[in-house]
Structures are given as structure tokens and as C-alpha cells.
There are 2 protein chains.
Amino acid sequence: MIRFSTVVASLRTSEIRDLMGLAIRPDIISFAGGMPGNELFPVQEIDDIYAALSRDVKQTAFQYGPTTGYPPLLESLQDYLKSRGLPAGRNRLMITTGSLQAINILGKIFIDPGDLVVTENPCFIGAISAFNSYQGKLRGVDLDDDGIEVNALDGVLKQLHERPPKFVYLTPNFHNPAGTLYSNQRKYDVAEVLTKHNQLLIEDDAYGELYFDEEARKIVVPMKALYEEQLTICYTGTFSKILGPGFRLGWMLVPPEIFQKAELCKQSMDACSPNFTQVLANEFLRSGKIYPYLERLRKTYRQRKDLTVAAIREYFPKEVTWTEPRGGFYIWLKLPPQLDVIGVLKASVEKGAIFVIGRTFDPEGKDNGHLRLAYSNTTEDKIERGIQIIAESLKADMAASHRM
Amino acid sequence: MIRFSTVVASLRTSEIRDLMGLAIRPDIISFAGGMPGNELFPVQEIDDIYAALSRDVKQTAFQYGPTTGYPPLLESLQDYLKSRGLPAGRNRLMITTGSLQAINILGKIFIDPGDLVVTENPCFIGAISAFNSYQGKLRGVDLDDDGIEVNALDGVLKQLHERPPKFVYLTPNFHNPAGTLYSNQRKYDVAEVLTKHNQLLIEDDAYGELYFDEEARKIVVPMKALYEEQLTICYTGTFSKILGPGFRLGWMLVPPEIFQKAELCKQSMDACSPNFTQVLANEFLRSGKIYPYLERLRKTYRQRKDLTVAAIREYFPKEVTWTEPRGGFYIWLKLPPQLDVIGVLKASVEKGAIFVIGRTFDPEGKDNGHLRLAYSNTTEDKIERGIQIIAESLKADMAASHRM
């Protein structure tokens, strides 16, 4: 009686799923979830905003809204994005249910089963699963410290020129999981390569506001702001990291032709995003409460990054290599060869700390000898102890493999 | 550079879309949107709930939640559904972003391009667009006053036995747009036919709580509660009609095997539904505030239905036929042949009232000589005038077609 569709029949639950469920147990120090700090949310600000809403606006908050977003929020967000240099006038803005829905819709708009998509390797797990859900075939291109390896990208696009990928998906600002911030030069080089190959770009900018210093602030300019004239760019962003993921609000800024199709897709998915949280997000932007809040966030995340980096320097084996992030939530660590990362994960969990293994973020599902640490939701008092636990598990595994 | 996927390339915006945009203009009396009354939302109740939340729970409201739903809400909702006789223990419950997302996910789970799906004719527009978005081919079976025509359903399933439809999608309680409440006998007969053909049922119960009298209350028992042992039934419901669509919360109650696939689909769509509104919905159920609220809703919607029905009796031409609804939001009216319904719509809008033409709800996109009136969001003082306007437009068109 139950006959699943082809694409869904092939979906499998991850084998480390049960392990990852532990990431929310209060007795485990978690570097696993890519989530904001629980105690950092602007609860007081939203309390004040809610208390000041008129009855009329509250009624609107309870009602359906337009598929493309609550009009006052679209206006406030447009102003906000313009202030970051984005072409929010010529392009069209749509509110989505988290930026994952924006990425999913873009997947639906472009991917036929078997179509190729080029991503960074590693890649945001949500994008991997969204593109896979349309039976896209992912081809990953490695990152170095300045961004995606541009010669490798050029090579892949040349190799694929007879059946070019539908788009290239990149996260140039504080990549998840790699932490990478693309240099200005690299953004320029990538734009040149994409122009040469006439390739569509999906730019995911979930973390761009979370820079740690003035130098990084100058570099986080989106490619959408820099190369809009030259390339077709679908830009996605989110309130999850600058307000709260529980609001489920993201957006896409795209050319009108793509916007039309996206609206039809969203209509059939959830009709509209929550008006209730859109009303609150609008006031958070419009009142300017977001600006001091962002200052606070940058300071706190930087502090957590500093503590994590200091502990890694002190406790981790020298064979583990990594780059210090300049913003965002993540440190991406390369492990010595032959290390059993699932064994290390299990040992760490037993002793009370958890992280995510690198394979989770591999667009082709291969092992890549990495692990990801998220310091964003780990309070300052727990970071050192958590890193010690993971370091001990790493050292034990290395000693064991040495003996073999 | 822009190469759309096959399914999206074929999507077209409706030609009456701009007209429907008028449904929210304050100077137009709208019977168009299938939405709750703006002034009926439980604003005070939610204010009180929000004010009483602890800081801890508020922080949770801002954060990501599990893909399948905020655990306390799942528990409260399970109790609520059990009290309606639903098998919330043996089956599994998932919170979705509106029940449209539940319907969309079920479409994704079962439909391969070209697969057949049987629906009522007419059919909820959201389900039509969700199933079409997976390239399902819809086959509509007419409704009579007691529900789907059971002999016609049997005939269609017989005719399709070599390539049976993936599922049958029904709304037995206060159908949108037809307003129909299935009789007990009809539910029984439908269950027999589906069992004989070994067919999966998707039961959409968006309106079941909104009955207008004691007799109807006894009949709104979901098929999921009655025939769970005999059939495989995926049951969907929503907070949109019993709290507010702006919360974007619905649910599905499905067998474990289907639940697993649904969870993987939802993970790639929006990761989780808004925790912020789930926290509030949970307290609304758990505190029992929902029960007096539902009483109030039933009374008000019944009053609006009564006023609409009285005005139709007084002003509409006798050639227009319809059945008085016993719950829900809608009256579905059959027009005399040769009437130009788009012309009537345009004339009504010019004079200040709007409704939805029947073709919108035809699963095969054909004209069906009907129109839908939603009385749910039309305040008592406007109903008579609105019905008069539509009646005048109908009469003018009938007179004109007579003269030709």
C-alpha cells in the first residue's frame, strides 16, 4: 500500500544521528550544533517590542500574510540590505522560512534529477540535503585560506562545459563549516571565472554580520554587492544568526525572473512565512535595536573564539592543523591521517564533549579527515574543559594507531 | 545563464492574480480569502501567555528546535488529538509549517512525475499546487451533499487498477471550497472502497473543530479515528483555524514508516517550524484557553454563515443553487449555464465585493460553473451589502446573456 517516490525511497537516516541527539543533553559540553548562544538572544528587546505593538498590528501578526513577506518587513530589510551595499532595488526580496527554505526553493527552481551543482568542499549540510532532495549531483571544490581554489573551480567548469552545472553555491563570508573568509582578490577571481563560464551563483551570506575585527568588517562585502552587474547572483540571508533561529526567517534577493518562480514554489510549500515573527523582526530592524545587539554578539563570539583557540593551542596534538576564524561560529580542523574520527567522537561523548565529524559536510559524502567545532553556543566556563576532553580522545586514538 | 528545472519552467502565475490582490483592500467587501476573522484572534490570551513565560522558555523560543516539533507542544497536541479519538500513540506526530507543508511533504514522499492522485472535485487549492509541484496528475471525483460520490470513486479506482493512484486526498469535514460534511455512512462507504483497492488515504482535517450545531459535532469524527485499523491514513491538521495562520503551525499524524521519510524531507525544507510560535501554541493548548475560544469561534462563524445564507436567499437569482454549510468557512454555489463568471467577478469588484471563481479549485483546471464565498473574515455589518453587490452582478450578466 505504501509506495514511496523514487527520491524519497533513497533517503536514509544518518548513522551518527543518535549520537548527535546527545548534543542537547545538559551534562555534555557541546561544540556540535551550529546555533547561537542560548543566553545571548535579545529577549528583553523583543519583550519591549511585543509590549508596544498596537492591537491592529497584533491581529495582522496572527493572520496570513503575502507569500513573499510582510510588507513593512520587506521595506525595513530592503533598507538594511541597501546599507550593506546590496542592490535591493533592482533585485526582488522575498522572506522565506529560514534561509534553508530559500536555498531549497533555489534548488527546486534549477535542479532536474541528475543535474550537476558545484559547491565548496566542505559545504553547509542544509544545502547538501536541499540539493540532494531534488536529485542534484554535487561536485565539491576544495577551499584554501582565501576561499574556493579558483584554478580548481576553473578546471571543473572547463571539464563540465558540455553539460555545465546548473549553478555554483558559495558561502564567501565565514563559511560553515570551514570558517573561511574569502579575500577581496579571491572574490574578484571567482567572479571572473564564473563570468567566463557564464555560471549562475548562489551566494549564502548567513554569517556576514558576525566579523571579529575592523579588518574583517571591510572584507565581508557580499559578492552580490560587488559583482551584480557582471553575474547573475541569487543571494540568501537569515535572521537566525542576528535575532533567533526560532523565528524561522530568512530571505532571498534575486532577479525578477527568478523571483516569480520562487513565489510560485513558496506558495505550494507553506503559503507564507510566520507573520507573527515577521512583525517582531520588522520592529527589531526598524527601531535600530539590532545595531547595539550585533555589537554585543560580535564581542561575545569573538571572546568564545579566543578561548577556544587558546585551549586548542594548549591541549590539541600538534598534528591537528587549522586556521583561526575572523568571524562566524566555526573552527574546521584537519586531523592526522589514519585517525578514527568516529572512534574519537564516541570517546569524547563518553567523557562529556561532542563535535561534528567532517564527513557530514562533504558534498560527495566522503571521509575528509576533519572535524568541526562550533564555539557559538558554548559558554565561556565550559570551553577549556570541553577542548581538553576532545584533545584527550584525539591523543588516545593517535597513541593507539601508533602502537598498531 | 538561467536554465529553470522542468517542473518550475511550466509554472505560470494565475491570470486572475491581480484581481485577487484586491481582496485585502479595505474598501472592498471580501468573501475571497479562506482566512479567520481578523478581529476574532485570541490576542488577549496570547498576551497573557507571553507575559507569563519564564526567561528559560523564552530563550528556547528563540532557538532552533527538533525537526519534528517542540517536545512540549507534541505532548499537548497528542493529548488534544487523543481527546478527539485519534490514534496519537500508535502513529507519530510531526509539527509542520502550516498544514500545507504537511500536505506538500506527503506529496514529495509519494509522487513521482506523472503519478496519479485522486482528489475530490472541487479541491483545496493548496493541495492542488503542492501535488502539481511534484508533477502529479490529478483526477477529480465529484462531491454530492454527503461527500465524495462513492460509486464514481470506485469506478475511477477500478479503471486505474493497472496503474493505481499513489493516494486519495480527501477533506471529509467542512470541505474547502464545497463546505461539505461527509455523513457517517459515506465515511464508511469510502473506507470500504479504499480498502478494496488497497489505497492510501490522506485526510485533511483543517476545519473539523468549527461545527455549528450539536448534530454536526457528532459527525465530524475523523476517518483516521474511525478506520485506522483498516486503512493506512496520513492525517493532517492545523492551528491556522483554531489559533492563527500567522503562527504557521500545522501537523501530520502518520504511521512510523512514513514519519521517518517525512522527517528527512522536512530537514531539507526548513529544518524546523518556528519555536517561537510553538511555545505559544503549546501554552494555548495546555492551559485549556483553547476551549472557550473555540466556543466563541463556532458561535461567530455560525452567525456569519446565517447572515450570508439569509442574504443569498433574499438577493441571489433562484437559478443559483447551493447547500447550507454545517461548519467551516465556505459556501459553494452552482451558477446557471452560460454565465460568464470572470465577467461577474470583474463587475462585482468594480462595485466593491470580491469572491473566488470555481475553476481555481478544479483539480484538472477546468471551468466548473461555480463560485466560492468565504464568510469567515467578513464582519456582520458588511455581509448583506456584499451579497447584494454580487447578486446584482450575477443578475446583470444573466440578463445580458438572455438578450444575446
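Note that the structure is predicted; figures quoted are calculated from it, not measured.

Draft legend 1. Representation of the overall build of chain A in the model. Helices and strands together make up the secondary structure of chain A, namely 16 helices and 14 strands. Expected size for 404 residues packed as a compact globule is a radius of gyration near 22 Å; at 21 Å, chain A falls within 12% of this value. Principal axes of the C-alpha set define a box for chain A whose edges measure 70 × 60 × 55 Å. When burial is assessed residue by residue, chain A has 52% of its 404 residues classed as buried. Across chain A, the fraction of contacts at a sequence separation of at least 24, relative to all contacts at a separation of at least 6, is 77%.

Draft legend 2. Up close: the interface of chain B and chain A. In this assembly, 62 residues from chain B lie in contact with 62 residues from chain A. Elements supplying a minimum of two residues to the side of chain B that touches chain A: α1 (6-9), α3 (43-52), α4 (55-62), α6 (98-110), α7 (125-132), α12 (256-269) and α13 (275-286) of chain B. No other element matches α12(B), which puts nine residues into the side of chain B that touches chain A. Residues of the side of chain B that touches chain A, tallied by class, amount to 27 nonpolar, 24 polar and 11 charged.

Draft legend 3. Representation of the packing of α4(B) against α13(B) within the structure. All names here are of chain B. Relative orientation of the contacting elements α4 and α13 amounts to 135°, with a least axis distance of 6 Å. Taken as axis vectors, α4 and α13 run oblique relative to one another. Contact residues: Val-57, Thr-60, Ala-61 and Phe-62 in α4; Asn-275, Phe-276 and Val-279 in α13. Tallied by class, residues from the contact of α4 with α13 come to five nonpolar, two polar and no charged.

Draft legend 4. Molecular detail of helix α14 (residues 290-315) of chain B. In a regular helix each residue adds 1.5 Å, so 26 residues correspond to 38 Å; α14(B) covers 37 Å between its end C-alpha atoms and thus fits that length. Where α14(B) is concerned, the buried positions are Ile290(B), Leu297(B), Tyr301(B), Arg304(B), Lys305(B), Thr308(B) and Ala311(B).

Draft legend 5. Representation of the relation of the copies chain B and chain A. Relative to chain A, chain B is turned by 180° and slid 0.0 Å along the rotation axis, the superposed coordinates differing by an RMSD of 0.0 Å. Such values leave the two copies arranged in the relation of a two-fold axis. Residue by residue, 100% of the interface of chain B is reproduced at the interface of chain A, so both copies engage with the same surface.

Draft legend 6. Molecular detail of the sheet that holds strand β11 (residues 330-334) of chain A. Residue and element names in this part refer to chain A. Sheet architecture is open: four strands sit in the order β10-β11-β14-β13, paired in antiparallel fashion. Every other strand in the sheet has two partners, leaving β10 (321-322) and β13 (356-357) as the edge strands with one partner each. Bridge analysis of β10 against β11 gives two bridges, and the strand direction is antiparallel. Residue pairing for β11: Thr-321 is matched across the bridge by Lys-334.

Draft legend 7. Molecular detail of the confidence of the model for chain A. Averaged over chain A, the pLDDT score is 95; the fraction of residues at 70 or greater is 97%. The ipTM assigned to the predicted complex is 0.96, against a pTM of 0.97.

Draft legend 8. Fine view of α13(B). For α13(B), which comprises 12 residues, the first-to-last C-alpha distance of 16 Å matches the rise-based estimate of 16 Å (1.5 Å per residue) to within 8%. Of all the 12 residues making up α13(B), 11 are buried; the element is thus mostly covered by neighbouring parts of the structure. Along α13(B), the positions that sit buried rather than exposed are Asn275(B), Phe276(B), Thr277(B), Gln278(B), Val279(B), Leu280(B), Ala281(B), Asn282(B), Glu283(B), Phe284(B) and Leu285(B). Considering only its buried residues, α13(B) is in contact with α13 (275-286) of chain A together with α3, α4, α5 (71-83), β2 (92-96) and α14 of chain B.

Draft legend 9. Molecular detail of the domain arrangement of chain A. Residues and elements named next belong to chain A. Here chain A is partitioned into domain 1 (6-42 + 292-403) and domain 2 (44-286). Once you take the C-alpha centre of each, domain 1 and domain 2 turn out to be 25 Å apart. At the interface, 30 residues of domain 1 touch 32 residues of domain 2. Sorting the residues of the side of domain 1 that touches domain 2 by element identifies α14 (290-315) and β11 as the ones contributing at least two each. No other element matches α14, which puts seven residues into the side of domain 1 that touches domain 2.

Draft legend 10. Broad picture of the environment of Ser273(A). By the element assignment, Ser273(A) lies in the loop between α12 (256-269) and α13. On the basis of neighbour counts, which here come to 34 C-beta atoms within 10 Å, the residue Ser273(A) falls in the buried class. As a C-alpha pair, Ser273(A) and Ile148(A) span 125 residues in sequence and 33 Å in three-dimensional space. Beyond its immediate chain neighbours, meaning those up to four positions away, Ser273(A) contacts Gly69(A), Ile95(A), Thr96(A), Thr97(A), Arg248(A), Leu249(A), Gln278(A) and Arg248(B).

Draft legend 11. View of the sheet that holds strand β9 (residues 250-254) of chain A. All names here are of chain A. Read from one edge of the open sheet, eight strands run β2-β9-β8-β7-β6-β3-β4-β5, paired in mixed fashion. The open sheet is flanked by β2 (92-96) and β5 (147-148), the only strands paired with a single partner. Each of β2 and β9 touches helix α5 (residues 71-83); the most contacted strand, β2, lies at about 120° to it. Packed onto the sheet, helix α8 (residues 150-159) meets β3 (116-121), β4 (137-144) and β5 and runs at close to 155° relative to β4.

Draft legend 12. Geometry of unusual backbone geometry. Residues and elements named next belong to chain A. Between Asn-176 and the following residue, Pro-177, the backbone shows a cis peptide bond with an omega angle of 10°. Despite not being glycine, Phe-174 has its phi angle at roughly 55°, a positive value. Structurally, Phe-174 is set in the loop between β6 (168-170) and α9 (184-196). The buried category is assigned to Phe-174, around which 28 C-beta atoms lie within 10 Å. Its identity is not glycine, yet Ala-271 carries a phi of approximately 70°, on the positive side. Counting through the fold element by element, Ala-271 comes out in the loop between α12 and α13. Ala-271 sits in the buried class, given 23 other C-beta atoms within 10 Å.

Definitions and limits used
- Residues numbered from 1 in each chain as written.
- Chains lettered and ligands numbered in written order.
- Predicted model: local features only at pLDDT ≥ 70, side-chain atom pairs only at ≥ 80, totals over all residues.
- Helix = DSSP H or I, 4+ residues; strand = E, 2+ residues; numbered from the N terminus.
- Rg over C-alpha atoms; globule rule 2.2 N^0.38 Å.
- Buried ≥ 20, exposed ≤ 12 C-beta atoms within 10 Å, placed from the backbone.
- Contact = placed C-beta atoms within 7 Å.
- Nonpolar A, V, L, I, M, F, W, Y, C, P; charged D, E, K, R; others polar.
- Axes fitted to C-alpha atoms, helices over the stretch in contact; angles between N-to-C directions.
- Parallel < 35°, antiparallel > 145°, perpendicular 65-115°, else oblique.
- Expected span 1.5 Å × (residues − 1).
- Least-squares fit on C-alpha atoms with pLDDT ≥ 70 in both.
- Pairing = 2+ DSSP bridges.
- pLDDT = per-residue confidence, 0-100.
- Domains from an automatic or database assignment.

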